[in-house]
Amino acid sequence: MLTHISQAFGFAPLVPLWLLALLGLVAVGLCVLALLRRTKGAIFRLLALASLLVWLSGPQRLHESWHVLPETALLLVDQSPSMTIGQRADIARQATHAIEQAHTDGLNLRTVTVRNSGHNGTRLFEALDQAAADIPPDQFAGAVMLTDGQIADIPTDVPERLTPTAQNDGKAHLPLHVLLTAKGEETDRQLRILQAPPYAIVGQPAKLRVQIDDSGPGTRAGTHADVTLRVNGDEPVSIPVTTGAPQDISLPVSHPGQMLVSLAVSPLEGEVSQLNNQTITRMTGIRDRLRVLLISGTPNQGERVWRRLLKADPSVDLIHFTILRPPDKDDGTPLSDLALIAFPVRELFQEKINQFDLIILDGFENQNILPHAYLNNIANFVRKGGGLLLTAGPEFVGPGTLQDTPVGDILPAHVPLENGMIEQRFRPHLTAEGRRHPVTAALPGAPQTGADTNALTVPGQWGPWYRALKPDTTHGNTLMSGPDNAPLLVLDHVEQGRVALLLSDQIWLWSRGEGGGGPQAELLRRISHWLMKEPELEDEQLNAAISGGELTVTRRSTASEAPRTVTVTAPDGKTTSLPLHTVASTQPEGKDRPATAPQTDDSQTGMTTARMAAEQPGIWQVDDGTHKAFAAPTPPNPQEFSDVRATASKVDAIVTATGGGILWAGDTPSAPSVPKLQLADGNTLHGANWFAFPHRNAHVVTGRSATPLLPVWAMLCLSLALLFAGWWREGRS
């Protein structure tokens, strides 16, 4: 620390200033009076009085000693994800080391590392503001940013930290210098999705709006490029586009469920990276409207349950008919006096049957209501992909049963006419297959096989029913059992369609809270949506998801012997065989799984899973031999990789406003071009290979002293000499 000594002149009045001012006015007055009277010797007397006033003002020589304080500059080193491109990280590391090793007298260098800040991009100016807050304002010299130029928080005006309050250095702003980790301006091509609907209607094309932008020296809009589009694992489709303008791409939506849409644009010659040449968007295919036909054979307690359930879903269009007066019942009332709507048999079961997604027959007893041809239409409706749900009661074992019609050919169970009805108190419970099937798995309060079906009340379990059918044959999936473990709910696939048969008409008791009630709304909702092929309720499911660089595969199966391994295909085509492991049941006691319920075997949950590292961008494919699933990682910081060029264009304006400079470190990590940091007194603060900071003249005073300029004896002699001269001049006259 250097010591400096300076000298100056000052005054230390020997009398109060008011008295000194009064004496000065008296002296001026006497001078004017003497001049007007032309008094001889007045000049000498006035000079004597002036010398006295000068002496009383206390002139003195001041001596001050002070130490110069060192200045501090910030070196902000960008270590954001975009700095991992190419050799940027190595160049920054070597340049930082070289700058820190260079010694400049009077200048301290403080290095601040700026890493990733979530999804907000690189925020170097925020780091500058925080780091400069710890430096005394009069010792802060400025900053150097070592970066690729991709800074997200560049202000429109010079930051307050770079605008000193004390202008003792004559500078309006402190300099901001930028050292870029490249040889020069780079070029890049970027693919952006401007608009992508989160949901798309099955059977209708979805519209994606994209734009391809070329940036950097020599690029221009309007050039030709090709976008490759791939949906899940389908074959890629190439679409020609032009750069610099929005482009609409039509995407076919063929099935409901999640769709991973991968887009990649052809590379630009000489571009720095192809990281932002590809992107992935997610869509969910949904049906526009689900059309449901509900036919109630007779008025019953369950009608309200059905209507409340189906009308509560805004995506369901419900048509409901209740047969109040079958053809075989005639009380003689003229048809003109009946306020009934004629049952549109031909319109529903001949002309418009294929417009429905689901047909529900609730306690339907045919009794010649539907001709044989129309019943055959219902069976064909299912075979072609439709859904059919039957809730069966006493009408199923009486005359006109649907079992003896073409509909019986697609039913998953057959009930004998004799001894087919059981009337006793029982509690429905899940079968082992039902605990695995998505339709009935994890239903709240589900009793397990072997539970006490005769207990009056069982806390947390389903309420009792009092009537059920006992089939003699079944096929498909039996998910629930009734009295004597007889099948109660059976689901089955029929060619392209599906059928569900509930062998009891008393599910409505749960809505009344009988014996604690049960999840009738949730169960019926799941059955209905399974029949309408809801992807989340499929019997066999294979799902994949990527989070935090890890691929999670989940396999759900109702089969006792499901595949135990899957094949994972990475975006680069590399395949890996991945073993699956059983997922243990985690259902807590006291909630959905009461303490009194029998414990389930975790191996019967039907869930298996596996995990593996998956950091490669793109679509990953998982295949179990029958089903395929797709997943893609979400970019950790989309803004960081939206523009991957090393460029000075974004920081040029703010650097120029502060008087700083921009230099390029080159593209060789072993020998980067590192500027010398120094202090300067001139207005130019940067050159071909150097950055400068102004002298702030920050110092601390270590001592002060004062010496009178006019000793008392000298001033006394001078005043007496002037008075004597005046007396002598006056005596000559």
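Whatever comes next refers back to the structure up there.
Residues numbered from 1 in each chain as written. Predicted model: local features only at pLDDT ≥ 70, side-chain atom pairs only at ≥ 80, totals over all residues. Heavy atoms only, no water.

(A) Spotlight on the overall build of the protein. Per the secondary structure count, the protein includes 12 helices and 38 strands. Counting contacts in the protein only where the partners sit at least 6 residues apart, residues at least 24 apart contribute 74% of the total. Surface exposure of the protein reaches about 36200 Å², of which carbon and sulfur atoms provide 53%. (Helix = DSSP H or I, 4+ residues; strand = E, 2+ residues; numbered from the N terminus. Contact = heavy atoms within 4.5 Å. Areas by Shrake-Rupley, 256 points an atom, 1.4 Å probe, with all protein chains shown as cover.)

(B) The sheet that holds strand S27 (residues 541–547), seen in detail. Here we have 4 strands laid out as an open sheet, ordered S27-S28-S32-S31, and antiparallel in their pairing. Two strands in the sheet have a free side with no partner beyond their single neighbour: S27 and strand S31 (581–582). Judged from the 7 bridges that link them, S27 and strand S28 (residues 550–556) form a sheet pairing that is antiparallel. The partner of Ser-547 across the bridge, within S28, is Glu-550. (Pairing = 2+ DSSP bridges.)

(C) Structural context of the side chain of Gln-247. Looking at the element boundaries, Gln-247 is found in strand S12 (residues 247–251). Owing to a relative accessible area of 16%, Gln-247 belongs among the buried residues under this scheme. A distance of 3.4 Å separates a polar atom in the side chain of Gln-247 from the backbone oxygen of Ala-245. Apart from residues lying up to four places away in sequence, Gln-247 is in contact with Leu-208, Arg-209, Val-210, Val-241 and Thr-242. (Buried < 20%, exposed > 50% of the residue type's maximum accessible area, 1.4 Å probe, protein only. Polar contact = N/O pair within 3.5 Å; in protein donor to acceptor, adjacent residues only side chain to side chain.)

(D) Inspection of unusual backbone geometry at higher detail. Despite not being glycine, Asn-485 has its phi angle at roughly 60°, a positive value. Positive phi is not limited to glycine here, since Lys-533 has a value of about 65°. Assignment of secondary structure puts Lys-533 in the loop between helix H10 (520–531) and S27.

(E) Focus on the sheet that holds strand S33 (residues 620–623). Ordered by their spatial adjacency, 4 strands build an open sheet running S30-S29-S33-S34, and the pairing between neighbours is antiparallel. Each edge of the sheet is formed by a strand with only one pairing partner; in this case those strands are strand S30 (575–579) and strand S34 (628–631). Each neighbouring strand pair of the sheet contributes to a mean axis angle of 25°, computed without reference to strand direction. In terms of strand pairing, strand S29 (residues 565–569) meets S33 through 3 bridges, oriented antiparallel. When the bridges of S33 are listed, Thr-569 appears paired with Gln-621. (Axes fitted to C-alpha atoms, helices over the stretch in contact; angles between N-to-C directions.)

(F) Seen up close, a nonpolar patch on the surface. A contiguous nonpolar surface patch, about 490 Å² in accessible area, is contributed by Trp-18, Leu-22, Val-26, Leu-30 and Leu-33. Locating Val-26 in the fold gives a position in helix H1 (residues 17–37). Residue classification places Val-26 among the partly exposed positions, given a relative accessible area of 42%. (Patch = residues over 30% accessible without salt bridge, like charges linked within 9 Å, V, L, I, M, F, W, Y side chains within 5 Å. Salt bridge = Lys/Arg side-chain N within 4 Å of Asp/Glu carboxyl O.)

(G) Here's a closer look at the pattern of salt bridges. Overall, the coordinates contain 18 salt bridges when judged by the stated rule. Where Glu-186 meets Arg-88, a salt bridge forms, and the shortest distance between an N and an O atom there is 2.8 Å. Of this pair, Glu-186 sits in the loop between strand S6 (176–180) and strand S7 (188–195) while Arg-88 is found in helix H3 (residues 88–101), placing the two residues 98 residues apart along the sequence. Judged by relative accessible area, Glu-186 falls into the buried class, the value being 19%. Classification of Arg-88 as buried rests on a relative accessible area of 3%. A salt bridge links Asp-90 to Arg-93, with the shortest nitrogen-to-oxygen separation between them at 2.2 Å. Of the two residues, Asp-90 and Arg-93 both sit in helix H3, 3 residues apart, roughly one turn of that helix.

(H) Region of the structure containing H3. An ideal rise of 1.5 Å per residue puts 20 Å on 14 residues; H3 measures up with 20 Å between its terminal C-alpha atoms. For H3, the full list of buried residues reads Arg-88, Ile-91, Ala-92, Ala-95, Thr-96 and Ile-99. Along the axis of H3, the buried positions cluster into a sector of 130°, meaning they face one direction only. The secondary structure elements touched by the buried residues of H3 are strand S3 (71–78), strand S4 (107–114), strand S5 (140–147), S6 and strand S36 (676–680). (Expected span 1.5 Å × (residues − 1). Arc of directions from axis to C-beta.)

(I) The arrangement of the environment of Gly-516 in detail. Mapped onto the fold, Gly-516 is located in the loop between helix H9 (508–511) and H10. Take Gly-516: its relative accessible area is 66%, and that puts it in the exposed class. Counting along the chain gives 71 residues from Gly-516 to Gly-445, while the straight-line C-alpha distance between them is 9.9 Å.

(J) Focus on the pairing of S30. Across 5 bridges, S29 lies against S30 in antiparallel orientation. Note on S30: the bridge partner recorded for Thr-569 is Thr-575. A loop of 5 residues connects S29 with S30, the two strands running antiparallel in sequence, and Gly-573 in this loop sits at a positive phi of about 95°.

(K) Region of the structure containing the environment of Pro-444. Its place among the elements puts Pro-444 in the loop between helix H8 (432–436) and strand S22 (468–469). In the structure, Pro-444 is positioned 18 residues away from Trp-462 in sequence and 8.7 Å away in space, judged by C-alpha atoms.

(L) Inspection of the packing of aromatic side chains at higher detail. According to the stated counting rule, one finds 3 aromatic pairs in the structure shown. On the basis of an interplanar angle of 55° and a centroid distance of 5.2 Å, the ring pair of Trp-462 and Trp-510 is categorised as tilted. Of this pair, Trp-462 sits in the loop between H8 and S22 while Trp-510 sits in helix H9, and the two are 48 residues apart along the sequence. Taking relative accessible area as the criterion, Trp-510 reaches 3% and is therefore assigned buried. Their ring planes at 50° and their centres at 4.9 Å tell us that Trp-465 and Trp-510 sit as a pair that is tilted. Pair noted here: Trp-465 is in the loop between H8 and S22 and Trp-510 is in helix H9, with a separation of 45 residues, a long-range link. For the residue pair Trp-465 and Trp-510, the accessibility class agrees, reading buried in each case. Members of the aromatic cluster, each reached through a chain of ring pairs, are Phe-426, Trp-462, Trp-465 and Trp-510. The ring of Trp-530 has Arg-498 sitting right over it, with the charged end atom 4.9 Å from the ring centre. (Phe/Tyr/Trp six-rings, centres within 6.5 Å; stacked < 30°, edge-to-face > 60°. Lys NZ or Arg CZ within 6 Å of the ring centre and 35° of its normal.)

(M) Spotlight on the side chain of Asp-188. By the secondary structure assignment, Asp-188 is in strand S7. Here Asp-188 sits buried without a salt bridge, and the closest side chain of opposite charge, Arg-645, lies 5.7 Å off (N-O distance). Only 2.7 Å separates the side chain of Asp-188 from the side chain of Asn-276, close enough to count as a polar contact. When sequence neighbours within four positions are dropped, the list of residues in contact with Asp-188 reads Asp-213, Asp-214, Ser-215, Leu-268, Glu-271, Val-272, Ser-273, Asn-276, Ser-642, Asp-643, Val-644 and Arg-645. (Lys, Arg positive; Asp, Glu negative; His and termini not counted.)

(N) Region of interest: helix H4 (residues 124–132). Considered for burial, the residues of H4 that qualify are Leu-124, Phe-125, Ala-127, Leu-128, Ala-131 and Ala-132. Each buried residue of H4 sits inside an arc of 155° when the element is viewed along its axis, so together they form one side. Against S3, S4, S5, S6 and helix H11 (652–658) lie the buried residues of H4.

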